[in-house]
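# Survey of secondary and tertiary structure
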Amino acid sequence: MATTHFDYLIVGGGMVADSAARGIRELDTSGSIGILSDDVDEPYTRPALSKKLWTDDEFTWDKVPLGTADDTGADIRLRTRATAVRPEAREVDAAGETFSYGKLLLATGGHPVPLPIDDRSGGARALTFRTAEDYRHLRTLSEDVVRIAVVGGGYIGSELAAALVQNGVDTVLIHTGAVLGDAVFPPALAERFEKLFRDAGVEIVAGSKVEGGEADADGVRLALEGGDEVRADAVVSGLGIDVATGLAEAAGLAVDDGIVVDAQLRSSADGIWAAGDVASYPDRLLGRRRVEHVDNANEMGRAVGRNLAGAGEPYTHTPYYYSAVFGIRYEAVGTLDSSLDTVEDWIDADHGVVYYLDDDRVVGVLLWNVEDARDAARAVLAEADTLTRADLVGRIR
């Protein structure tokens, strides 16, 4: 096999790859950068796929690509899936070629969880949702069919259901909770959240798990636990991802709910770093964790890029995550789990802060339509050992 050498080789073509290439260029303006991506598009802004592209007429497709190659000079190989990493030889195999490297970044992300159905449509009527190609497919379906089922009540599922119904699609949302959002929001807030969807015309099928069914050229039939069925013209799955740690495991790297990295985002193998969805890292406020959100992709990507180029800096950013549906925007830092104790501090009916406590210690902060408060939320987490419940009320405004 032919061999191509890069000073910096990145496996994965998402937002981490883009921000890492930019981080490299902050310190090294000339080192060669290679990006191996199994996507069909160069790096792009992923959140837009389930948000602004559906709801903001001024946010057009030309704003989606990130311009990685033009801005950094990176050599991006699309439709190129890495199949093996050999740390001792500093080599990666992909698409019938061997790539050697000086430094390697694994930013492999994850693969969307498919539905357990018999898809005889060849993906035409049943799809997962993660890539720009998935967006284009779903957008075409939304214009060609009448009724689309969305499976999954998390970030992607709820955003897709909101996007589809706001674009005139008869939408049914199937999720396993009793109330939409009840895994993360306090009960009354979850009820308000679900009401946004019902009022917009989304049919909610709660407490239901898809256990089978089929899709063909005429539509889909989803078999639910308990015997009920849902029929639609198409279905899209928003059930999260399986983290893509296979390459790292086969190469002998330490893996535990992600590729284990240190504060500088170095893996257990010399010359290999990891970042993004796939990285289990030590957060300075919250302890070891793995985060699947865009703020982490951008900030960790830049940090790891700088470290690839020799910065030797710890990653100290505690990322936030957000969602936006039906005119409301919520942001969060830390752990949101409705089984935890909560302190709710509502400024008015539409703006408020919810603190999540574990043994009376704040471990998460939800900002509901509260802007420019992420640093204040991080400060609460940093001072969690000294704060009482009474200290929380009125603290963030």
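Refer to the preceding data block for the structure.
This report concerns the structure included in the present document. (Residues numbered from 1 in each chain as written. Predicted model: local features only at pLDDT ≥ 70, side-chain atom pairs only at ≥ 80, totals over all residues. Heavy atoms only, no water.)

### Structural notes on the pattern of salt bridges
If you walk through the whole model with that rule in mind, you get 35 salt bridges. For Arg290, the salt bridge is made with Asp257, and the minimal N-O distance between the two is 3.3 Å. Of this pair, Arg290 sits in the loop between β21 (287-289) and α8 (294-308) while Asp257 is found in the loop between α7 (246-250) and β18 (259-260), placing the two residues 33 residues apart along the sequence. The network of salt bridges with shared partners includes Glu26, Arg302, Arg306 and Glu313. (Salt bridge = Lys/Arg side-chain N within 4 Å of Asp/Glu carboxyl O. Helix = DSSP H or I, 4+ residues; strand = E, 2+ residues; numbered from the N terminus.)

### Remarks on the environment of Gln166
By secondary structure assignment, the location of Gln166 is in the loop between α5 (155-165) and β11 (170-174). A sequence separation of 179 residues divides Gln166 from Asp345, and the C-alpha atoms of the two residues are 31 Å apart. The contact partners of Gln166, leaving out residues within four places of it in the chain, are Thr55 and Phe326. (Contact = heavy atoms within 4.5 Å.)

### Some words on the packing of aromatic side chains
If you walk through the whole model with that rule in mind, you get 15 aromatic pairs. Aromatic side chains Tyr155 and Tyr321 sit 5.9 Å apart centroid to centroid with 85 degrees between the ring planes, which places their arrangement in the edge-to-face category. Of the two residues, Tyr155 sits in helix α5 while Tyr321 sits in strand β22 (residues 320-325), which places them 166 residues apart along the sequence. According to the relative accessible area criterion, Tyr155 is partly exposed, its value standing at 24%. (Phe/Tyr/Trp six-rings, centres within 6.5 Å; stacked < 30°, edge-to-face > 60°. Buried < 20%, exposed > 50% of the residue type's maximum accessible area, 1.4 Å probe, protein only.)

### Description of the side chain of Arg147
Here Arg147 shows up in strand β10 (residues 147-151). There is a polar contact of 3.5 Å between the side chain of Arg147 and the side chain of Asp170. Polar contacts involving the side chain of Arg147 include one to the side chain of Glu203, which spans 3.1 Å. With sequence-adjacent residues up to four places away left out, Arg147 is seen in contact with Asp170, Val172, Glu203, Val230, Arg231, Ala232, Asp233 and Ala234. (Polar contact = N/O pair within 3.5 Å; in protein donor to acceptor, adjacent residues only side chain to side chain.)

### Observations concerning the sheet that holds strand β26 (residues 361-368)
Strand order in this open sheet of five strands is β22-β23-β26-β25-β24, and the pairing throughout is antiparallel. The two strands at the open ends of the sheet, each matched to only one other strand, are β22 and β24 (341-348). Each strand of the sheet is rotated relative to its neighbour by a mean of 15 degrees, with strand direction disregarded. Bridging between β24 and strand β25 (residues 351-358) involves seven bridges; their strand directions are antiparallel. Paired with Asp348 across the two strands is His351, which belongs to β25. Running at roughly 30 degrees to β26, helix α6 (residues 187-200) makes contact with β22, β23 (328-334), β24, β25 and β26 of the sheet. (Pairing = 2+ DSSP bridges. Axes fitted to C-alpha atoms, helices over the stretch in contact; angles between N-to-C directions.)

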